[in-house]
Amino acid sequence: MKLHPIAISVLLLLAGAQAQAADSFMEIINASGTRTTTAANKVLGAGQSMVIGSLRSVIDASQTAELQFDWVGGSTPVADYFTAFSRTLLSTGSGITASSGAVQPGLVDFSFGRNIGAAPVVTNMSNFDGTNANFGIVLNADRQSGYLLFEDARLGSDYDYDDMVLRFKLNVSTTAPVPEPSSVLLSLAGLGLLGGVVRRRQRRGNAA
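Counting restarts for each chain, with residues numbered from 1 along the sequence as it is written. Local features in a predicted model are, by the rule used here, given only for residues with pLDDT of at least 70; side-chain atom pairs are given and counted only at 80 or more, and totals for whole chains, interfaces and linings are based on all residues. No hydrogens and no water enter the side-chain calculation; it runs on all heavy atoms of the structure.

1. A word on the environment of N115
To keep it simple, the criterion reads: Only DSSP runs of H or I covering at least 4 residues are called helices, and only runs of E covering at least 2 are called strands; the numbering of each starts at the N terminus. Any pair of residues with heavy atoms lying within 4.5 Å of one another is described as a contacting pair.
Looking at where N115 falls in the secondary structure, it is placed in the loop between β8 (110–113) and β9 (122–123). Each C-alpha atom of the pair N115 and Y81 lies 6.7 Å from the other, and the pair is 34 residues apart in sequence. Beyond its immediate chain neighbours, meaning those up to four positions away, N115 contacts V78, A79, D80 and Y81.

2. Thoughts on the sheet that holds strand β5 (residues 87–90)
How we decide: When DSSP finds at least two bridges between two strands, those strands are taken to pair.
Overall, antiparallel pairing links the four strands, which are arranged β5-β4-β8-β9 in an open sheet. The sheet is open, and its two borders are formed by β5 and β9, each paired with just one other strand. Relative to β9, β8 runs antiparallel, the two being bridged by two bridges. Bridge pairing in β9 links S111 to T123.

3. Things to note about the side chain of S99
Cut-off, in case you're wondering: Any N or O atom pair separated by 3.5 Å or less is treated as a polar contact, with the protein-specific requirement of one donor-capable and one acceptor-capable atom, and with residues adjacent in sequence counted only for side-chain atom pairs.
The topology assignment puts S99 in strand β6 (residues 98–102). Reaching out from S99, the side chain makes a polar contact with the backbone oxygen of A84 at a distance of 2.6 Å. Dropping the residues within four chain positions of it, S99 is found in contact with L67, Q68, F69, A84, F85, R87 and L89.

4. Things to note about the packing of aromatic side chains
We count it as follows: What counts as a ring pair is set by centres within 6.5 Å for rings of Phe, Tyr and Trp (its six-membered ring), and what kind of pair is set by the plane angle: stacked under 30 degrees, edge-to-face over 60, tilted for all other angles. Note on exposure labels: buried denotes an accessible area under 20% of the residue type's maximum, exposed denotes more than 50%, and partly exposed covers the range between, all computed with a 1.4 Å probe on protein chains only.
Under the definition given, this model contains nine aromatic pairs. Ring plane angle 5° and centroid distance 4.6 Å describe the contact between F112 and F150, whose orientation is recorded as stacked. Of this pair, F112 sits in strand β8 while F150 sits in strand β11 (residues 145–151), and the two are 38 residues apart along the sequence. We classify F150 as buried; its relative accessible area is 0%. Counting every residue linked through ring pairs, the aromatic cluster contains F69, F82, F85, F110, F112, F135 and F150.

5. Some words on the pairing of strand β3 (residues 63–73)
Relative to strand β12 (residues 164–174), β3 runs antiparallel, the two sharing 10 bridges. Within β12, the position partnered with T64 by the bridge is S173. Sheet topology places β3 next to β6; five bridges connect them, and they run antiparallel. Looking across to β6, one finds that D70 is bridged to A98.

6. Regarding the nonpolar core
As a reminder, the rule being used: We define the nonpolar core as a collection of buried residues of types Ala, Val, Leu, Ile, Met, Phe, Trp, Tyr and Cys that are connected through side-chain atoms lying within 4.5 Å of one another.
With 22 residues, the main nonpolar core has F69, F82, F110, F112 and L148 as its most contacted residues. Put simply, the parts of the chain that give this core at least two residues each are β3, β4 (81–84), β8, β10 (134–139), β11 and β12. Counting residues per element, this core draws most heavily on β12, which supplies four residues. Every residue in contact with F110, bar those within four places of it in the chain, is listed here: L55, F69, F82, T83, A84, T123, N124, F135 and L148. With seven residues, the next largest nonpolar core counts M50, V138, L149 and Y161 among its residues.

7. So, the pattern of salt bridges
The test is simple: Salt bridges are defined as contacts in which a side-chain nitrogen from Lys or Arg sits within 4 Å of a carboxyl oxygen from Asp or Glu.
Scanning all chains against the criterion turns up two salt bridges. The closest approach of N and O atoms between R143 and D23, which form a salt bridge, is 3.3 Å. Of the two residues, R143 sits in the loop between β10 and β11 while D23 sits in the loop between α1 (5–17) and β1 (25–36), which places them 120 residues apart along the sequence. The class of R143 is partly exposed, set by a relative accessible area of 35%. R56 is the partner of E27 in a salt bridge, and the nearest nitrogen-oxygen pair spans 2.5 Å. Note that E27 is positioned in strand β1 and R56 in strand β2 (residues 49–58), a separation of 29 residues in sequence.

8. Description of the confidence of the model for the protein
Defined as follows: As a per-residue quantity, pLDDT reports the predictor's confidence and falls between 0 and 100.
In this model, the protein carries an average pLDDT of 80, and 69% of its residues clear a pLDDT of 70 or more. Here α1 stands out as the element of the protein with the lowest mean pLDDT, 47, in contrast to strand β7 (residues 106–107), whose mean of 96 is the highest.

Below is the structure:
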């Protein structure tokens, strides 16, 4: 089947308008170790593998994103807390149980602490493996959701990572697409071919 020149031009234009699929996701950086939850973990249970590190967002230029944190559970008898986007969540589940806001590319600004009102004991930027209070990150296969598991280490030896457990989810919205250079060239080629067809038809009409 032979395609009409105008049909070819339309196909080229459509191809040129297609931008590559955007890719916004979460990743773990500064990874300094891995842990596995034990049977003592009363929220996610035993056998959950997690990474000690920092959580970073990678946001495509053609997208905007909101990062949401939801309280899942906690076992500590005191009010450990998590702060992000100017909201504070408690390990007891009382008060605000969700925190969300627009996220920019880079390290996510959040912190964990022991006892509400006290200074945070660990931030996302300072989360390193060791004997101090820290948290583990479980990143799901979709790279847009997972869990944060806080260990406040009050007892000094339990390290079950269930003092406070949060679920996070990156909610992405697509904005105006930014054409790739190859797409722009295809669009120009389509316009040029379409213009050539129109000019030939005009000359034929004048000759008649």
